[in-house]
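Summary of the model geometry
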Amino acid sequence: MNKEKEVSVEPMADQTPVGLIPDKAEGEEESVLFAPVSKAEVFSSFKETVVSIKRVTKVVSGGKRMAFSSLVVVGNGEGQVGIGKGKARDVQMSILKATNQAKKHLTSVPLVNYTIPYPIIGNYGSARVLLRPAAPGTGVIAGGVVRALLEACGVKNILTKSLGTSNPHNVIHATLNAFSQLKTKEDVAKRRGRKPEEL
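Rules and cut-offs
Residues take numbers from 1 onward in each chain, read along the sequence in its written order. The predicted origin of the model limits local features to residues at a pLDDT of at least 70 and limits the giving and counting of side-chain atom pairs to 80 or more, whereas totals for whole chains, interfaces and linings rest on all residues. Side-chain figures throughout are based on the complete set of non-hydrogen atoms in the structure, without hydrogens or water. By this definition, two strands are paired if DSSP reports at least two bridges between them. For the purposes of this entry, the term helix denotes a DSSP run of H or I that reaches at least four residues, the term strand denotes a run of E that reaches at least two, and both are numbered from the N terminus. For helices, the axis comes from a line fit to the C-alpha atoms of the stretch in contact; other axes are also lines fit to C-alpha atoms, and the angle between any two N-to-C directions lies between 0 and 180 degrees. Any two residues having at least one pair of non-hydrogen atoms within 4.5 Å are treated as being in contact. Should the near helix be turned anticlockwise from the far one by less than a right angle, the crossing is left-handed, and should it be turned clockwise, the crossing is right-handed. Under the scheme applied, nonpolar residues are Ala, Val, Leu, Ile, Met, Phe, Trp, Tyr, Cys and Pro; charged residues are Asp, Glu, Lys and Arg; polar residues are all the others, including Gly. Stacked, tilted and edge-to-face are the three classes assigned to paired rings of Phe, Tyr and Trp, where Trp is represented by its six-membered ring and a pair needs centres within 6.5 Å; plane angles under 30 degrees give stacked, over 60 edge-to-face, the rest tilted. Geometrically, a lysine NZ or arginine CZ counts as sitting over a ring once it is within 6 Å of the ring centre and also within 35 degrees of the ring normal. Helix span, expected: 1.5 Å multiplied by one less than the number of residues in the helix. Definition of a polar contact: a pair of N or O atoms within 3.5 Å, with one able to donate and the other able to accept a hydrogen when the atoms are protein atoms, and with sequence-neighbouring residues admitted only if both atoms are side-chain atoms. Each residue is assigned to one of three classes by its accessible area relative to the maximum for its type, calculated with a 1.4 Å probe on protein chains only: buried under 20%, partly exposed between the two thresholds, exposed over 50%.

Strand order across the open sheet formed by four strands is β1-β2-β3-β4, with antiparallel pairing between neighbours. The open sheet is flanked by β1 (47-60) and β4 (106-108), the only strands paired with a single partner. Ignoring which end each strand starts from, the neighbouring axes of this sheet average 15° apart. Across the sheet, helix α4 (residues 168-181) touches β1, β2 (63-75), β3 (80-88) and β4, and the angle it forms with β3 is around 155°.

Structural data, given as structure tokens:
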């Protein structure tokens, strides 16, 4: 009969079992990689702007049911902007719903010296919005909902023109569509497989 040999395996001293955290040595300071940040602190720098409030009516079997529809723009003035729409029986609740929706759908806008890098046209439905970069000191040449969106984004010098419908919902979505088309020099160079200095 073959005799089985007993082999004892001793764990290495410098290895730590999976799932266990090694004890901190004496005199060793605990390193903090990051501090937890709450949503309230993240959105504390965001400003809210109510663009439109309309009273809407729903016809039901018992009669007419009144409600309010709000369109809100939020932004931190540093290239982060979002829009939201809310509907409720009272004005304050509709604004709150629109604000929460806007904070969930933020868009990053590349800015160069408080303006956009190049001209762009945004489309949404029957709305067309033209955006052109401007020299320092020009200001925000825009009106209505486009101005609210640009100021929330942090743009200080720009030329704009609405070329289609004046519906605030379509115009503001067309402006946001123009923002989504903007690319930085680094993004274009990465897509072409080249360095930014080569463009």
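Moving on from the model shown.
Look at helix α3 (residues 145-153) against α4: their axes get within 9 Å of each other, and the N-to-C directions meet at 40°. Relative to α4, the crossing made by α3 is right-handed. Within the contact between the two elements, α3 uses Val145, Val146, Leu149 and Leu150 and α4 uses Pro168, Val171, Ile172, Thr175, Leu176 and Phe179. Residue classes in the contact of α3 with α4 are distributed as nine nonpolar, one polar and no charged.

The next point concerns the packing of aromatic side chains. Within the structure shown, the criterion is met by zero aromatic pairs. Between the NZ or CZ atom of lysine 156 and the centre of the ring of tyrosine 114, over which it lies, the distance is 4.4 Å.

Where β2 meets β3, eight bridges bridge the pair, whose relative direction is antiparallel. When the bridges of β3 are listed, serine 70 appears paired with glycine 86. Examined bridge by bridge, β3 and β4 share three bridges and lie antiparallel to one another. Looking at β4, one finds that glycine 82 is bridged to leucine 106.

Here helix α2 (residues 91-104) contains 14 residues, and its C-alpha end-to-end distance of 20 Å stays within 8% of the 20 Å for a straight helix at 1.5 Å per residue. Two or three places before glutamine 92, at the start of α2, stands the capping residue aspartate 90, its side-chain oxygen 3.4 Å from that residue's backbone nitrogen.

The subject of this paragraph is the side chain of asparagine 157. Relative to the helices and strands, asparagine 157 resides in the loop between α3 and β8 (158-162). With relative accessibility at 9%, the residue asparagine 157 sits in the buried group. A polar atom in the side chain of asparagine 157 sits 3.0 Å from the backbone nitrogen of glycine 137. Dropping the residues within four chain positions of it, asparagine 157 is found in contact with Asn113, Tyr114, Thr115, Ala134, Ala135, Pro136, Gly137, Thr138 and Gly139.

By themselves, these observations are geometric and do not establish any function.
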